[in-house]
Amino acid sequence: MKSTLYKATEAGANEIRRFFNGTFAISNKEGINNLVTEADHAAEKAIFSVIREAYPEHYILSEESGEIVTQSEYKWIIDPIDGTVNFANGIPLCCVSIGLEFKGEIIMGAVYNPMMNEFYFAEKGKGATLNDKPIKVSDKAVVGTSCMATGFPYTYLDQANGPIQVFEKFIRKGIAVRRLGSAAIDLCWVAAGKFDAYYEHKLEAWDSAAGSLIVTEAGGMVTDFANKQFSVYQKQLLATNGKIHAAVLEVINGGEI
Ligand code: IPD
Ligand code: CA
Ligand code: CA
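Criteria and thresholds
Residues numbered from 1 in each chain as written. Chains lettered and ligands numbered in written order. Predicted model: local features only at pLDDT ≥ 70, side-chain atom pairs only at ≥ 80, totals over all residues. Heavy atoms only, no water. Buried < 20%, exposed > 50% of the residue type's maximum accessible area, 1.4 Å probe, protein only. Helix = DSSP H or I, 4+ residues; strand = E, 2+ residues; numbered from the N terminus. Arc of directions from axis to C-beta. Contact = heavy atoms within 4.5 Å. Salt bridge = Lys/Arg side-chain N within 4 Å of Asp/Glu carboxyl O. 1 Å grid on protein atoms, 1.4 Å probe; cavity = no way out; pocket = protein on both sides within 12 Å on 5 of 7 lines; lining within 4 Å. Points joined across faces, edges and corners; volume = space filled by probe spheres on them. Nonpolar A, V, L, I, M, F, W, Y, C, P; charged D, E, K, R; others polar. Domains from an automatic or database assignment. Donors = N, O, S within 2.8 Å, 3.2 Å for Na, K, Ca; no water. Phe/Tyr/Trp six-rings, centres within 6.5 Å; stacked < 30°, edge-to-face > 60°. Lys NZ or Arg CZ within 6 Å of the ring centre and 35° of its normal. Polar contact = N/O pair within 3.5 Å; in protein donor to acceptor, adjacent residues only side chain to side chain.

Quick question: what am I supposed to make of helix α4 (residues 163–172) here?
The α-helix winds at 3.6 residues per turn, so residues separated by three or four positions along the chain end up facing the same way. Of the residues making up α4, those classed as buried are Pro163, Val166, Lys169 and Phe170. Seen from one end, α4 has its buried residues packed into an arc of 135°, which puts them on one side. Buried residues in α4 make contact with β11 (147–150), β12 (176–178), β13 (197–200) and α7 (245–252). Just downstream of α4, glycine 174 is the residue with a positive phi angle, here 75°.

Right under this line is the structure:
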């Protein structure tokens, strides 16, 4: 299954590479900037064909095509391009993200940004790697000097302690919070120790399936905003190196830094 995951991820990434900085059709989903391009569809098609050839009976959940429902306990959760707005603007922060679920638990994940040649992989209980070399989270223990990432949904979330309010609190304290535009890369960069934390208020399963496992296998912590074990089927996610988890969570939930 690992080799199918690698092959599928590479097949999707080849399509990203092929279309990047070239010409491709773009259309809108709901909201003015929620794009889907010809490359998203091409990458999805290439990924599907690798998985369907190896495991025609497996369940597939993919961003652009929805679900191929089967009775299988294996489910491939696919984001053919995470960071589509970056991709469409020629910004090389985009990737293929594929997680493999078995009996409701993510057991393998791969995230590949072909433009930066970064291939992240994790298997449950076996650690996480970047280009086949082990990675681990940072050990920064102070929020005030940490480097974080976040993301914002395509449509404004008007709620108490929403994305803007939490972001403002960190920024007013002079804390470095980056907004890369790819949830899967944000997660992998926590796993690799570049970011000490990453949080987002409204994600989908395909954004987080692979990256959340890569973080925990790199020694990090991933929860929802109630500090419960993270499930890819819920929207809120906080991923950290573990050491600053409680402190960041408190800020997300309305507390002060
Ligand atoms: C988006 C990116 C972005 C995040 C959004 C996602 P897409 O995925 O991961 O960083 O802030 O919530 O929807 O649309 O590029 O696949
Ligand atoms: Ca995505
Ligand atoms: Ca996508």
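Next comes the rest of the description.
I tried to follow the pattern of salt bridges on my own but got confused; where do I start?
A side chain of one charge can pair with a side chain of the opposite charge when the charged atoms of the two come close. For the structure shown, the criterion picks out seven salt bridges. Close ionic contact of glutamate 15 with arginine 18 constitutes a salt bridge, the shortest N to O distance being 2.6 Å. You can see glutamate 15 and its partner arginine 18 sitting in helix α1 (residues 2–19), three residues apart, about one turn around the helix. In this structure arginine 18 comes out as exposed when scored by relative accessible area, which is 55%. A salt bridge links glutamate 118 to lysine 194, with the shortest nitrogen-to-oxygen separation between them at 3.9 Å. Taken together, the residues glutamate 118 in strand β8 (residues 118–123) and lysine 194 in the loop between α5 (183–191) and β13 connect sequence positions 76 residues apart.

Help me understand the layout of surface pockets, please; the structure alone is not making it clear to me.
To locate leftover empty space, one rolls a probe as large as a water molecule over the atoms. Its volume calculated, the largest pocket comes out at about 680 Å³. Residue lining of the largest pocket: 33 residues in total, with Asn34, Phe152, Pro153, Tyr154 and Asp207 positioned closest to the centre. Of all the elements in the fold, those that place two or more residues in the lining of the largest pocket are β5 (74–82), α3 (84–88), α5 and α6 (205–217). Of the residues contributing to the lining of the largest pocket, the split by class is ten nonpolar, ten polar and 13 charged. Among the domains, domain 1 (2–134) and domain 2 (143–252) are the pair contributing at least three residues each to the lining of the largest pocket. By volume, the second largest pocket amounts to about 340 Å³. Here the lining of the second largest pocket gets three residues from one element, more than from any other, and that element is α6. A class-by-class count of the residues in the lining of the second largest pocket yields six nonpolar, five polar and three charged. Counting contributing residues per domain, the lining of the second largest pocket is built from domain 1 (2–134) and domain 2 (143–252), each supplying no fewer than three.

Could you clarify how one ought to interpret the coordination of the calcium ion (ligand 2) in this entry?
Note on metal sites: the ideal angle is 109.5 degrees for four tetrahedral donors, and 90 or 180 degrees for six octahedral donors. In the first shell of the calcium ion (ligand 2), the protein supplies Asp79 (OD), Asp82 (OD) and Asp207 (OD), at 2.1 to 2.2 Å from the metal. As a motif over one chain, the donors of the calcium ion (ligand 2) read D-x2-D-x124-D. The class for aspartate 79 is buried, based on a relative accessible area of 1%. Classification of aspartate 82 as buried rests on a relative accessible area of 5%.

Looking at this structure, I do not really get the packing of aromatic side chains. What am I missing?
How two aromatic rings sit relative to each other is given by the distance of their centres and the angle of their planes. As enumerated under the stated definition, the model contains ten aromatic pairs in all. Geometrically, the ring pair formed by tyrosine 74 and phenylalanine 102 is stacked, given 4.4 Å between the ring centres and 25° between the ring planes. Taken together, the positions of tyrosine 74 in strand β5 and phenylalanine 102 in strand β6 (residues 95–102) put the pair 28 residues apart, joining distant regions of the chain. Residues phenylalanine 170 and tyrosine 199 carry aromatic rings whose centres are separated by 5.9 Å and whose planes lie at 40° to one another, so their mutual orientation is tilted. Note that phenylalanine 170 is positioned in helix α4 and tyrosine 199 in strand β13, a separation of 29 residues in sequence. The pair phenylalanine 170 / tyrosine 199 is uniform in exposure class, with both members buried. Through successive ring pairs, a cluster of aromatic residues spans Tyr6, Tyr112, Phe119 and Phe121. Over the face of the ring belonging to tyrosine 59 we find lysine 75, whose NZ or CZ atom lies 4.6 Å from the ring centre. The ring of tryptophan 189 carries lysine 194 above its face, with NZ or CZ at 5.4 Å from the centroid.

Even after reading the chapter, I still don't get the coordination of the calcium ion (ligand 3), so can you show me in this structure?
Every protein donor of the calcium ion (ligand 3) is listed here as Glu63 (OE), Asp79 (OD) and Ile81 (O), and their distances to the metal cover 2.2 to 2.3 Å. For the calcium ion (ligand 3), the donor residues sit on a single chain with the sequence spacing E-x15-D-x1-I. Among the residues examined, isoleucine 81 registers a relative accessible area of 1% and is labelled buried.

Looking at this structure, how should I read the side chain of glutamate 217?
Position of glutamate 217 relative to the elements: it lies in helix α6. At 3.2 Å, the side chain of glutamate 217 and the backbone nitrogen of lysine 126 are in polar contact. Within the structure, glutamate 217 has its side chain in polar contact with the backbone nitrogen of glycine 127 (distance 2.8 Å). Contacts of glutamate 217, omitting those with residues within four sequence positions, involve Ala122, Glu123, Lys124, Gly125, Lys126, Gly127 and Ala128.

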